[in-house]
Amino acid sequence: MSLPTLLSQHIVRRPQRIALLQHIAEQGSITRAAKSAGLSYKAAWDAIDELNNLAQKPLVERSVGGKGGGGAKLSSEGERVLRLYQKLQTLQAQVLEAAEDASDLDLLGRLMLRTSARNQLHGKVVAIEAQGRNDLIRLELAGGLALDAQITHDSTVRLELEPGTEVVALIKAGWLDLLAIEDTATSGHNDLTGIIEEILDAEDGPSEVRIGLPNGQTLCALAEPLHLRTLGLVTDKPVRVQFAPSNVLLGTPL
């Protein structure tokens, strides 16, 4: 089975993050792998979450331990991606030698986009519903989960979206609302449930909440500590996440 197009592009654009898989395979620990890769513990988890979200299957299997700890190993899919990355290292030297001028590489860099959106979920378009000047795009995520994105019809045409198109759904962490599991989501909003994996408190702002979805993908939300306490939301507890379709941005491979 071939890799998802978006994951394949990620391997080319950000090989340093894929290299983290090598350290995890060798160290068997996120903490030690992050140190070997020259990353902070948080940056390592961000990289893992992004990779797992772009893949059809999780690349890293985690076991939560104490503060800053926990074991980790590559899944069979992660081992396959690592083998491809190792082949890429050989090909990179050939590509650099083939570049006619240093400006060629600068041009490629400008054409490859990075985004500030914390949540980047790989999915596939399964339906498009016209709503006046807008379209409601239904996406199927890994594991059969679904979400809706509302974009202009012009954007649908420009991105050449149709059933079967692979996309990345981009959602800023601040656009996610956390609800108690027994609460009812707002009508028309996306409604996903998951388990709170980690809560990272900040001294002067909202807490960062990592939420594991049933399909292995991860969401990152921002929530005020008082809001979390009021709803009784703590680590290892289920939570409901809602967000408006209009707050979902879509991207496609170049």
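Scoring rules and cut-offs
Residues numbered from 1 in each chain as written. Predicted model: local features only at pLDDT ≥ 70, side-chain atom pairs only at ≥ 80, totals over all residues. Heavy atoms only, no water. Pairing = 2+ DSSP bridges. Helix = DSSP H or I, 4+ residues; strand = E, 2+ residues; numbered from the N terminus. Axes fitted to C-alpha atoms, helices over the stretch in contact; angles between N-to-C directions. Contact = heavy atoms within 4.5 Å. Buried < 20%, exposed > 50% of the residue type's maximum accessible area, 1.4 Å probe, protein only.

## Side note on the sheet that holds strand β6 (residues 166–171)
So, step 1. If you trace the five strands from one edge of the open sheet to the other, you get β5-β4-β3-β6-β12, paired in antiparallel fashion. In this open sheet, the two strands that pair with only one neighbour each are β5 (146–152) and β12 (249–251). Averaged over all pairs of adjacent strands, the angle between their axes in this sheet comes to 45°, without regard to strand direction.
So, step 2. As defined by bridge partners, strand β3 (residues 119–131) adjoins strand β4 (residues 134–141) across eight bridges and the pair is classed as antiparallel. Bridged to A127 within β4 is R138.
So, step 3. Sheet contacts for helix α4 (residues 41–54): β3 and β6; angle to β3, the most-contacted strand, approximately 40°.

## Description of the sheet that holds strand β9 (residues 207–212)
So, step 1. Across the sheet, five strands lie side by side as β7-β11-β8-β9-β10; this open sheet has antiparallel pairing. The sheet is open, and its two borders are formed by β7 (177–179) and β10 (218–223), each paired with just one other strand. Each strand of the sheet is rotated relative to its neighbour by a mean of 45°, with strand direction disregarded.
So, step 2. For β9 and β10, the ladder comprises six bridges, and the chain directions are antiparallel. Among the inter-strand pairings, R210 is bridged to a residue of β10, identified as C220.
So, step 3. Sitting on the sheet, α4 is in contact with β8 (190–200), β9 and β10, with an inclination near 40° to β9.

## Re the environment of D154
So, step 1. Positionally, D154 belongs in helix α7 (residues 153–158).
So, step 2. You can call D154 exposed: its relative accessible area is 60%.

None of this, on its own, says anything about what the molecule does.
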